[in-house]
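Summary of the model geometry
Below, each chain spelled out in residue letters.
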Amino acid sequence: MKIIDIIKSEKPTLSFEVFPPKTSDNFESVREATEKIAALRPDFMSVTYGAGGGTSEFTASIAQNIQNKAGVPVLAHLSCVSSTKEEIHRQLDLLKSKGIENILALRGDIPEGMSKEHLDYHYASELTRDIKKYGGFCIGGACYPEVHPESANSMEDMKHLKEKIDAGCEFLTTQMFFDNNLLYNFIYRARKAGIEVPVVAGIMPVTNPKSIKRICAISGTALPQRFIRIVDRYGDSPEAMKQAGIAYATEQIIDLYANGVRAVHVYSMNKPDVAQKILENISAIIK
Ligand code: FAD
């Protein structure tokens, strides 16, 4: 099933993100965790893709397993900056052979020291164009309510985002954010720039405060004072932090739905208990 048909429906949708194993050693444990999340029957699930291409096979296998075992539609991420056109074509063949119908087309982060000169792909819009030409896939793309960290300013970023849509991107999933007003403002600016595609709001329930400040600094995601106080107060107690992180994410999600956002994507990070709790917290809301 195509993701665009799911998120265009009137019903509020909820989806979960998982990541594939880095090596075959933990394939089984990841498979098990992703199956448990799929058993919660989200509207769809997404499976991330290793920037270096090392886990490309695993992305496809985990995605296929979710779809076949649980019947949950899957969005397979695919990044291009470290790949040649031939490698991307092979990956598309692989995804198609596994019955995957949806791809989140990404540039990926440019590995440190990599020369941009001889790359086959520089931007996600180029990958989007190639997938569109290949045919048969519903294509999504990433967007950044707080502006992509490499962009000179929000106008430049929006201009390039529009290029991605014009290349064939049918919906957008946002980078995580902790202040919903940033999303509302982004959607307003996107619509003004002529971007009409659905925007899926990406929400991260923070259960591990150690990494979040570093990740936010790299990705340019602002941490509101209200959130920092929670991390400072409960960060040393894993159980309390988990409860507070889930509560904060739940509050964000309810506010999003209440304000007309119809699709929410939870960065559930292979944690079935977190996914389940979020789902329980909003069960009547998304009915
Ligand atoms: P692009 O859309 O290409 O944008 C990158 C930058 O280039 C932006 O600043 C943009 O404004 C600029 N730009 C675009 N076109 C042009 C142009 N023609 N000229 C000049 N500048 C231009 N990474 C992974 O490796 N694996 C994943 O699975 C993964 N999943 C993600 C899921 C989501 C929802 C998000 C938000 C990010 C994800 N990422 C993932 C991270 C992503 O790969 C990085 O954020 C990366 O730096 C940018 O990817 P992009 O697809 O947004 O790039």
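Thresholds, definitions, all that
Residues numbered from 1 in each chain as written. Predicted model: local features only at pLDDT ≥ 70, side-chain atom pairs only at ≥ 80, totals over all residues. Heavy atoms only, no water. Near = heavy atom within 4 Å. Polar contact = N/O pair within 3.5 Å; in protein donor to acceptor, adjacent residues only side chain to side chain. Areas by Shrake-Rupley, 256 points an atom, 1.4 Å probe, with all protein chains shown as cover. Helix = DSSP H or I, 4+ residues; strand = E, 2+ residues; numbered from the N terminus. Nonpolar A, V, L, I, M, F, W, Y, C, P; charged D, E, K, R; others polar. Pairing = 2+ DSSP bridges. Axes fitted to C-alpha atoms, helices over the stretch in contact; angles between N-to-C directions. Contact = heavy atoms within 4.5 Å. Buried < 20%, exposed > 50% of the residue type's maximum accessible area, 1.4 Å probe, protein only. Parallel < 35°, antiparallel > 145°, perpendicular 65-115°, else oblique. Left-handed = near helix turned anticlockwise from the far one by under 90°. Core = buried A, V, L, I, M, F, W, Y, C linked by side-chain atoms within 4.5 Å.

As a structural note, the neighbourhood of the ligand is formed by 23 residues, with Y49, D109, Y144, D157 and K164 the closest of them. For the ligand, an oxygen atom lies 2.8 Å from a polar atom in the backbone of R107. A distance of 2.8 Å is found between an oxygen atom of the ligand and a side-chain nitrogen or oxygen belonging to S151. The protein chains hide 84% of the 980 Å² of surface that the ligand would expose on its own. Where the shell around the ligand is concerned, the elements lending two or more residues are β4 (102-106), α6 (154-166) and β6 (171-174). For the shell around the ligand, the leading source of residues is α6, giving four residues. Classifying every residue of the shell around the ligand by side-chain character gives nine nonpolar, nine polar and five charged.

Within a sheet, each strand pairs with its neighbour through backbone hydrogen bonds, oriented either parallel or antiparallel. Spatially, the eight strands close up into a barrel ordered β1-β2-β3-β4-β5-β6-β7-β8, and their pairing is parallel. Across the sheet, the mean angle separating the axes of adjacent strands is 30° when strand polarity is ignored. Relative to strand β3 (residues 74-79), strand β2 (residues 44-47) runs parallel, the two being bridged by three bridges. Paired with M45 across the strands is V74, a residue of β3. Packing against the sheet, helix α5 (residues 124-134) makes contact with β3, β4 and β5 (138-143), and its axis sits at approximately 150° to β4.

Quick look at the side chain of H265 now. As for its placement among the helices and strands, H265 is situated in strand β8 (residues 263-266). On the basis of relative accessibility, which here comes to 2%, the residue H265 falls in the buried class. A distance of 3.1 Å separates the side chain of H265 from the side chain of S46, its partner in a polar contact. Residues in contact with H265, not counting those within four places in the same chain, are S15, F16, E17, F44, S46, T173, V200, A201, G202 and I203.

Turning our attention to the packing of α6 against helix α7 (residues 180-192). Two elements in contact, α6 and α7, have axes separated by 10 Å at closest approach and are oriented at 60°. Classified by the angle their axes make, α6 and α7 are oblique. Seen from above, α6 lies across α7 with right-handed handedness. Listed contacts from α7 to S154, M158 and L161 of α6 are F186, R189 and A190. The class makeup of the residues in the contact of α6 with α7 is four nonpolar, one polar and one charged.

It is worth spelling out the nonpolar core at this point. Ranked by internal contacts, the top residues of the largest apolar core, which has 62 residues, are L14, I66 and I131. Those residues in contact with I131, other than ones at most four positions away along the chain, are L78, L92, I103, A105, F137 and I139. One finds F178, F227, V231 and M241 within the second-largest nonpolar core, a separate group that totals 14 residues.

The subject of this paragraph is α5. Of all the positions in α5, only A124, S125, L127, T128, D130 and I131 are classed as buried. In the core, the buried residues of α5 are packed alongside β3, α4 (85-97), β4, β5 and α6. At the exit of α5 stands G135, carrying a positive phi of roughly 90°.

For the rest of this paragraph, the subject is unusual backbone geometry. Note: most residues except glycine have negative phi, and most peptide bonds are trans. Although it is not a glycine, M269 sits at a positive phi angle of roughly 50°. Structurally, the position occupied by M269 is in the loop between β8 and α11 (272-281). The phi torsion at N270 lies on the positive side, around 60°, for a residue other than glycine. Among the secondary structure elements, N270 is positioned in the loop between β8 and α11. Judged by its relative accessible area of 12%, N270 falls in the buried class.

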